[in-house]
Structure formats: structure tokens, C-alpha cells
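Commentary on secondary and tertiary structure
Given next are the chains, with one letter for each unit.
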Amino acid sequence: MRFVVEGPPVGALWRRALLRAVLVPLPVLAPLVALAPSRDHRFNLYWHGGLFRDDPLRIVPHTVGSLPGYLRLGNFRLFGRMLEKALDTVAYAVSEVLGLPVNVGFRLVSFLSAILLCVTAVLLAESVVARGRLFRRAPSTMAAVVPFAVAAGFVAAGGSSPIVLFGGLYLASAALVLAVTAALCRIDPERPLRWWRMPLLLLGGAALAAFNEIAYLALPLATVAVLARSRLVLGLRPVRLLTAAPARAVGLAWVGFLPIFLAVRVVIHRYCAAGNCYQGSDVRFGPETLEALPVRAIAWFPPLMWPAAAPRGSWLGGLVLIVAVVVIGALARPAIRDLPRMSQVGRRPALALAVTAGTLVVLGAAMGSLNADVQQLVTTGRWGYGWRDSAVTTTAGALLLVALVHLVRRQGALIAAVVLFAAAATVTAAANKGQRDLAMTSPAARLADRVAVEMADFDPTSAGAARRCALRAEFVQLHADTPFSVRRFDESLEIASRQRADVAFCPGVTG
């Protein structure tokens with residue numbers, strides 16, 4: 001009778017909210033499941049998989065040994081590169097075990113990172129707006145809206161978008177930023193900071209400084225989130241706000257972060273001053289930065305990204321759109337039904353989340369606007385195209401929109417928000433199908449697909465060797481003007497072939 005009269009218990013509401021966060025991204029990303037890998041991932045999947053498939057622990061010394069060379073190129077991503085190699089190895093192993101092309105395994109791993117990001121976005125929103133224990137109360141109405149808003153931003157907006165390129169790494173890095181912020185927000189200001197947590201906070205800050213550029217945003221975001229929550233949600237006075245356990249925890253993390261961050265940036269600056277840095281990691285501050293900043297601050301908006309994903313052709317129709325409408329609609333209906341039973345969000349907590357999300361939008365946009373590649377996107381008018389900053393700005397923008405909707409404080413506005421974001425997610429699914437179709441018109445993508453199929457069904461006989469040599473000949477002809485790509489092709493496929501069957505990829509050429 002309690003379930004009938006009062007509705008489902010708190011645990012059931014939480015399970016449904018988190019299950020939606022897991023399921024909603026899947027129909028949005030499903031059209032990309034067979035998208036061929038591009039750029040470095042054409043080689044890294046086979047290279048890392050072949051190297052570490054049988055000895056994953058080798059990732060650690062291999063990464064540490066490569067640090068001097070990467071520092072000279074302008075980046076320091078110790079733990080980030082370990083994560084990248086681990087994800088590539090998982091994708092390679094999944095493909096080998098299931099007999100699937102490696103590009104499918106790669107996309108499945110990327111989908112898992114997208115799901116993780118969606119779940120952490122829900123937990124961050126709840127961590128900011130909830131006053132007491134997180135799972136002792138019903139989830140707020142934000143938990144019903146956030147999954148659809150976040151999934152709508154999973155647009156494959158061009159070849160540099162994190163949904164297309166290095167998706168597992170950058171989406172997981174964005175999830176790390178949100179998870180660190182959520183964890184620091186949940187520290188109880190009424191309790192003292194225990195001594196055993198202090199060295200962990202110092203080490204955690206140092207680890208963020210040794211992860212990658214996206215992880216650099218975690219502590220600035222956590223600082224703003226903790227202060228906004230302490231003042232707007234918990235109502236702490238300014239003096240108490242700065243001396244309570246959450247603020248002290250953030251301060252300790254900064255103490256661990258800054259020495260490593262500053263030392264690394266000084267070393268990188270000296271290398272990059274000679275002009276030898278990899279352009280994707282170089283920092284360029286000037287008038288182009290100021291021009292790019294406002295553009296990147298709105299580039300996360302899905303209607304701007306849809307044309308970037310599918311610049312030509314009709315993507316507002318077809319079977320993918322119909323299936324997405326049915327699946328996402330089936331997920332939106334129970335979300336709307338749960339709204340009256342969820343915790344209501346006041347204006348001050350909604351404002352705290354808006355400040356937090358807006359800060360992350362600005363931080364991500366600032367990071368992107370310092371890069372020459374992003375500056376070129378802006379100057380050529382490609383506003384909605386994605387880059388690695390999109391991993392955080394799309395999620396932050398979704399949280400910002402959800403927070404602004406909650407400032408209205410009307411049930412009808414929340415229902416309309418669920419419907420609107422669900423509709424946007426279906427359009428994103430169709431745009432992703434358009435991006436996949438467009439990408440597969442490239443001869444390089446079609447060749448990468450055929451290589452993946454050949455490696456999945458590896459044939460160690462002379463007939464298989466002949467087919468692989470023919471594929472290599474096509475690659476050499478296609479990339480005759482880029483010897484570096486040919487060398488990487490030979491090295492990575494040779495390592496994978498030796499791991500698979502202890503034979504050369506192309507006998508007499510790569511062996």
C-alpha cells in the first residue's frame with residue numbers, strides 16, 4: 001500500500017535515474033558503432049593492442065620511458081597516456097575475443113566512457129543541490145532531465161570531436177573532472193577533515209597535474225562548486241565557508257597540484273619557445289584567443305553541432321531517427337512519470353549548479369581557445385565543430401541548461417525540458433548517422449575498415465598474407481606523400497600480427 005499511495009521507495013527512484021543515465025546515450029551513439037578509426041587511432045589500436053594485450057602491466061614502464069620525447073613535443077600526460085593505452089588494449093582484446101573488427105571494439109569502449117560521463121553528470125548535479133546524504137533522499141528532478149540533456153550533446157561534430165577521435169580518453173577525462181568535483185562537494189562541512197585524508201588529497205592533486213589538460217580543469221571547477229554550494233545551498237557564512245572541511249580539502253589538493261603543474265609548464269614552455277612543439281599541444285595566446293573564446297563558449301550547443309556532423313544530405317529522417325524516437329521516447333516517459341515523486345530543487349541550489357556549470361563552460365572554452373587548431377576552426381567559420389574541449393563544454397552546457405530550467409520552478413517547465421532534450425537527442429542520433437555516412441565516403445576510412453576486418457579474421461596462411469600485402473599496397477598508394485603514416489602502418493600492423501599468430505603482416509616487407 002505504501003508503494004501505491006506514496007510511490008516507489010528512494011532506492012527504486014535512484015536505480016531508475018541511474019539506469020536512464022546508462023541507457024539514454026546508447027541510441028544516440030549507436031549509429032557510430034562501426035565508424036572507422038582515423039588519424040593516430042588507425043595505428044594506435046593495433047600498436048598498443050599488440051604490445052600490451054599479453055602484458056598489460058608493461059603500460060607503466062613503457063609510458064614512463066616515453067615521457068622525455070613527449071615533453072619535447074609539448075605535452076605531459078603521464079596517467080592520461082596510461083589510460084589511453086589501457087583503453088586501446090581493452091578495445092583490441094574485446095575485438096580479438098569476440099571476433100569483431102577493432103573499430104567496433106574501439107567504439108564500444110568509447111560508448112562506455114560516454115555512459116560514465118552521463119552518470120557522473122547526474123551525480124555532480126545531485127552532489128551540488130542536495131543538502132544531506134545523497135542516497136538517503138530521493139534524487140532531485142534534475143536526475144530526470146540531465147541524461148537527456150547530456151546525451152543530446154554527444155554529437156560527432158567533425159573529425160576532431162571527442163565523439164569521433166580519442167573518445168574513450170577524453171570522455172573519461174571529462175568524467176574524472178566531474179567526479180572529483182562531486183566528491184569534494186560531498187565533504188561534510190560540519191565535520192573536521194580527518195588526518196588520513198590529507199595525504200590522499202595531496203596525492204590526488206599531484207595525480208591531476210600528471211593526467212592531461214582536461215584534468216587540469218578539475219580543481220578550478222571544484223573550487224567554484226564547493227564555494228557556491230557552501231554559500232547558496234548550505235548557507236554558510238563567508239568566514240565559515242573558507243575554513244570548513246570542503247574548502248580545506250580543495251586547498252590541500254591545490255597544494256599537491258601546483259608544484260607539478262608549474263614545473264611541467266615551465267619545461268614545456270622552454271621546449272615550445274623553439275617552435276618544435278606538436279601543434280595540438282602548443283599554447284598560443286593572442287588576438288585569435290580572444291576571438292575564439294566566446295565562440296567556443298557556445299560551440300557546445302547541439303543545433304550548432306548538428307550541421308558540423310552532417311553538413312550535407314538529409315539527416316532529419318530515415319530509420320535511425322524513427323528508432324531513436326521510439327527508444328528515447330520510451331525512456332523519457334518514465335522520467336516524466338517520476339518527476340512528482342522526486343525531490344524538488346529550490347532556486348538557490350539551481351543557481352549553485354548554474355554557477356558551477358557556467359564555470360566549466362568558460363574553463364573548457366578557455367582551454368580550447370588557446371590552441372591554434374581551434375583558432376583556425378573559428379576563423380574559418382566552423383563554429384560548431386568539436387575539439388577535445390567539447391568533452392567538458394557539451395556536458396557543462398547541458399548542466400547549465402538544466403539548472404536554468406529549474407530556476408523556473410514549475411512542473412510544466414520540467415516536463416517540457418524532458419521532452420525537448422529527448423527530441424534533441426533523437427536529432428543527434430540522426431546527425432551521428434550522417435557523420436558516419438560522410439566519413440565512410442573517404443577511401444582512407446574504407447581501407448581502414450577492410451584492414452580491421454582482415455585482422456579480425458586473421459588468416460596466417462599464404463593466402464591471408466597475400467591479402468594483407470594487397471591492403472598495404474593500397475595504403476602506400478593512398479599515402480605516398482606521407483612516409484610517416486606508411487612507417488606507422490607497418491610498425492603497428494606488424495606488432496599486431498606477431499601478437500595474433502606470430503607471423504608477419506606482409507612477409508618480406510614488414511617482417
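Everything quoted here is computed from the prediction, not taken from an experiment. (Residues numbered from 1 in each chain as written. Predicted model: local features only at pLDDT ≥ 70, side-chain atom pairs only at ≥ 80, totals over all residues. Heavy atoms only, no water.)

**Looking at the environment of E96**
Among the secondary structure elements, E96 is positioned in helix 6 (residues 78-98). Looking at E96, the relative accessible area reads 25%, which means it is partly exposed. Considering only alpha carbons, one finds E96 and N432, 336 residues apart in sequence, at a separation of 26 Å. With sequence-adjacent residues up to four places away left out, E96 is seen in contact with R53, Q499 and R500. (Helix = DSSP H or I, 4+ residues; strand = E, 2+ residues; numbered from the N terminus. Buried < 20%, exposed > 50% of the residue type's maximum accessible area, 1.4 Å probe, protein only. Contact = heavy atoms within 4.5 Å.)

**Observations regarding the state of the cysteines**
Tallied over the full model, the rule gives one disulfide. Covalent S-S linkage joins C469 and C506, the inter-sulfur distance amounting to 2.0 Å. Linking C469 and C506, the disulfide has an S-S dihedral of approximately 110° and is accordingly described as right-handed. You can see C469 sitting in helix 22 (residues 462-478) and its partner C506 sitting in the segment after helix 23 (483-501), a full 37 residues away along the chain. Under the relative-accessibility criterion, C469 is labelled partly exposed at 24%. Using a relative accessible area of 3% as the deciding quantity, one classes C506 as buried. The thiol of C118 is not disulfide-bonded; the next cysteine sulfur, from C185, is found 19 Å away. With relative accessibility at 0%, the residue C118 sits in the buried group. (Disulfide = S-S within 2.5 Å.)

**A closer look at the packing of helix 21 (residues 443-456) against helix 22**
Relative to each other, helix 21 and helix 22 sit at 160°, their axes nearing to 11 Å. As far as their axial angle goes, helix 22 and helix 21 are roughly antiparallel. Every pair of crossing elements has a handedness; the one defined by helix 21 and helix 22 is left-handed. Residues P443, A444, L447, R450, V451 and E454 of helix 21 form the contact with helix 22, whose participating residues are G464, R467, R468, L471, E474, F475 and L478. By residue class, the composition of the contact of helix 21 with helix 22 is seven nonpolar, one polar and five charged. (Axes fitted to C-alpha atoms, helices over the stretch in contact; angles between N-to-C directions. Parallel < 35°, antiparallel > 145°, perpendicular 65-115°, else oblique. Left-handed = near helix turned anticlockwise from the far one by under 90°. Nonpolar A, V, L, I, M, F, W, Y, C, P; charged D, E, K, R; others polar.)

**Considerations on a nonpolar patch on the surface**
Taken together, the side chains of L319, I322, V323, V326 and V327 define a hydrophobic patch exposed on the protein surface, amounting to about 460 Å² of accessible area. The topology assignment puts V327 in helix 16 (residues 319-338). (Patch = residues over 30% accessible without salt bridge, like charges linked within 9 Å, V, L, I, M, F, W, Y side chains within 5 Å. Areas by Shrake-Rupley, 256 points an atom, 1.4 Å probe, with all protein chains shown as cover. Salt bridge = Lys/Arg side-chain N within 4 Å of Asp/Glu carboxyl O.)

**Some points on the confidence of the model for the protein chain**
Overall, the prediction assigns the protein chain a mean pLDDT of 89, with 95% of residues at 70 or greater. Summarising per-element confidence for the protein chain, the mean pLDDT is lowest in helix 1 (residues 2-6) (47) and highest in helix 8 (residues 142-152) (96). Note on residues 1-5: pLDDT is under 50 here. Beyond four places in sequence and across chains, it has four contacts. (pLDDT = per-residue confidence, 0-100.)

**Describing the environment of L241**
Relative to the elements of secondary structure, L241 occurs in helix 12 (residues 238-243). Residue classification places L241 among the buried positions, given a relative accessible area of 10%. Taking C-alpha positions, L241 is 9.5 Å from A228, a pair spaced 13 residues apart along the chain. What L241 contacts, discounting residues up to four positions off in sequence, is L227, S230, R231, L236 and A247.

**Section: the packing of helix 9 (residues 167-185) against helix 19 (residues 390-406)**
Helix packing for two helices is described by the angle between their axes and how far apart those axes are. Closest axis-to-axis distance for the helix 9/helix 19 pair is 8 Å, and the angle between their directions is 50°. The angle between helix 9 and helix 19 places the two elements in the oblique class. The way helix 9 lies across helix 19 gives a crossing that is right-handed. Each of Y170, L171, A174 and L178 in helix 9 lies in contact with helix 19, whose residues at this interface are A391, V392 and T395.

**A word on the pattern of salt bridges**
As enumerated under the stated definition, the model contains 17 salt bridges in all. Close ionic contact of E96 with R500 constitutes a salt bridge, the shortest N to O distance being 3.8 Å. You can see E96 sitting in helix 6 and its partner R500 sitting in helix 23, a full 404 residues away along the chain. Its salt-bridge partner being E474, residue R450 comes within 2.7 Å of it at the nearest N-O pair. Of this pair, R450 sits in helix 21 while E474 is found in helix 22, placing the two residues 24 residues apart along the sequence. Relative accessible area serves as the criterion here: at 41%, R450 is assigned to the partly exposed category.

**A look at unusual backbone geometry**
Note on backbone geometry: most residues besides glycine have negative phi, and most peptide bonds are trans. In this structure, R39 is a non-glycine residue whose phi angle is positive, near 50°. For R39, the location among the structural elements is in the loop between helix 3 (25-29) and helix 4 (41-52).

**Looking at the side chain of R296**
Here R296 shows up in helix 14 (residues 287-296). Of the residues examined, R296 reaches a relative accessible area of 1% and is grouped as buried. Excluding its chain neighbours within four sequence positions, the residues that come into contact with R296 are A365, S369, V374, L377, V378, W383, Y385, G386, W387, D389 and S390.

**Re the packing of aromatic side chains**
Tallied over the entire structure, the rule returns ten aromatic pairs. Seen in terms of ring centroids, Y216 and F261 are 5.0 Å apart; in terms of plane orientation they differ by 85°. Their pairing is edge-to-face. Placement of the pair is Y216 in the loop between helix 10 (197-209) and helix 11 (218-233) and F261 in helix 13 (residues 245-273), with a sequence separation of 45 residues. Residues F475 and F489 carry aromatic rings whose centres are separated by 4.3 Å and whose planes lie at 20° to one another, so their mutual orientation is stacked. Linking F475 in helix 22 with F489 in helix 23, this pair joins segments that are 14 residues apart in sequence. In this structure, F475 and F489 share a single accessibility class: buried. Joined through ring pairs, the aromatic side chains of F43, F475, F489 and F505 make up one cluster. (Phe/Tyr/Trp six-rings, centres within 6.5 Å; stacked < 30°, edge-to-face > 60°.)

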